Amino acid sequence: MIYRHPFALLELTADSYGLTGLRFITEETAKQQQAENDASLESPNQFIRQAITELDEYFDGQRTEFSVKLHIPQGTAFQQRVWQALQAIPYGETRTYQDIAEAAGSPDAVRAVGQANKQNPVAIIIPCHRVIGKNGKLTGYMGSGEQGILLKQKLLQHEAVTANKRQS
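An unreviewed UniProt entry lists the chain under the name Methylated-DNA--protein-cysteine methyltransferase, with Vagococcus acidifermentans given as the organism. UniProt annotates the chain under Subcellular location (unreviewed entry) with the comment "Cytoplasm".

1. Quick look at helix H2 (residues 46-59)
For H2, which comprises 14 residues, the first-to-last C-alpha distance of 20 Å matches the rise-based estimate of 20 Å (1.5 Å per residue) to within 8%. Residues of H2 that are buried include every one of Phe47, Ile48, Ala51, Glu54, Leu55, Tyr58 and Phe59, and no others. Relative to the axis of H2, the buried residues are bounded by an arc of 130° and lie together on one face. Between the side-chain oxygen at the start of H2 and the backbone nitrogen of Phe47 there is a gap of 2.9 Å, and the oxygen is on Asn45. One or two residues past the end of H2 sits Gly61, with phi positive at roughly 80°.

2. Digging into the environment of Gln50
Mapped onto the fold, Gln50 is located in helix H2. In this structure, the C-alpha to C-alpha distance between Gln50 and Leu19, residues 31 residues apart in sequence, is 9.3 Å. Within polar-contact distance, the side chain of Gln50 engages the side chain of Glu54 at 2.8 Å.

3. Some details on the pairing of strand S3 (residues 18-25)
Most of S3 sits inside the fold, with 6 of its 8 residues counted as buried. In the sheet, strand S2 (residues 9-15) pairs with S3 via 7 bridges, with the strands oriented antiparallel. Looking across to S3, one finds that Leu9 is bridged to Ile25. Remark: 2 residues form the turn of the hairpin made by S2 and S3, two consecutive strands paired antiparallel.

4. Here's the deal with the packing of helix H3 (residues 77-87) against helix H5 (residues 110-118)
At their nearest, the axes of H3 and H5 sit 9 Å apart, and the two run at 80° to each other. The angle between the axes of H3 and H5 places the two elements in the roughly perpendicular class. Here Phe78, Gln79, Val82, Trp83 and Leu86 of H3 come into contact with H5, specifically with Ala112, Val113, Ala116 and Asn117.

Rules used throughout
Every chain's residues receive numbers from 1 upward, in the order its sequence appears when written. The predicted origin of the model limits local features to residues at a pLDDT of at least 70 and limits the giving and counting of side-chain atom pairs to 80 or more, whereas totals for whole chains, interfaces and linings rest on all residues. Side-chain metrics in this entry use all non-hydrogen atoms of the structure; hydrogen atoms and water are not considered. UniProt positions are given in the numbering used here, feature names are shortened, and annotations may be inferred rather than shown by experiment. For the purposes of this entry, the term helix denotes a DSSP run of H or I that reaches at least four residues, the term strand denotes a run of E that reaches at least two, and both are numbered from the N terminus. Given the number of residues in a helix, its expected span is that number minus one, multiplied by 1.5 Å. Partly exposed describes any residue whose relative accessible area lies between the buried limit of under 20% and the exposed limit of over 50%, with all areas from a 1.4 Å probe on protein chains only and scaled to the type maximum. Of all possible arcs, the one meant is that of the directions from the helix axis to the C-beta atoms. N or O atoms within 3.5 Å of each other form a polar contact, as long as, within protein, one can give a hydrogen and the other can take it, and as long as residues adjacent in sequence are counted only when both atoms are side-chain atoms. Note: two strands are recorded as paired if DSSP finds a minimum of 2 bridges between them. For helices, the fitted axis covers only the stretch in contact; all axes are lines through C-alpha atoms, and the angles between them, taken along N-to-C directions, range from 0 to 180 degrees. With respect to orientation, any angle under 35 degrees is reported as roughly parallel, any angle over 145 as roughly antiparallel, any angle of 65 to 115 as roughly perpendicular, and every other angle as oblique. Should any heavy atoms of two residues lie within 4.5 Å, those residues are counted as being in contact.

Given below as structure tokens:
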């Protein structure tokens, strides 16, 4: 299922156990996926419908946490620990790669945290966009160079604005 959010296109996937993926895609991929979806006439399952509702609420500034059930059987034990640590980062805040390495129980695995972020199967919901370099600079996002940095910046700005409005 394709979801158009304010900054990019997302492809959502799910199985009968939960949401399995949320990844950024290109317009060309979206058109191809749409043609396949139209041909199958398959309607989205409950987890995709819930994820769409929650993403709409997130981008409208009404949701700061996601509750859609995730089903992510892939990933090493370390990646799973990193993804858990990412989900503990409060909305509107950031953590460094070092912070996440420590939270995952491997303080020397800073680079491996970056690789785990890159392999994150459920972008935004597992908020790897909230991880920054220890110098406070934005670093890669979703393996897409400058475009990824811009997307990360937009997501962080969105959360900062929403968090400030909630505090007012």
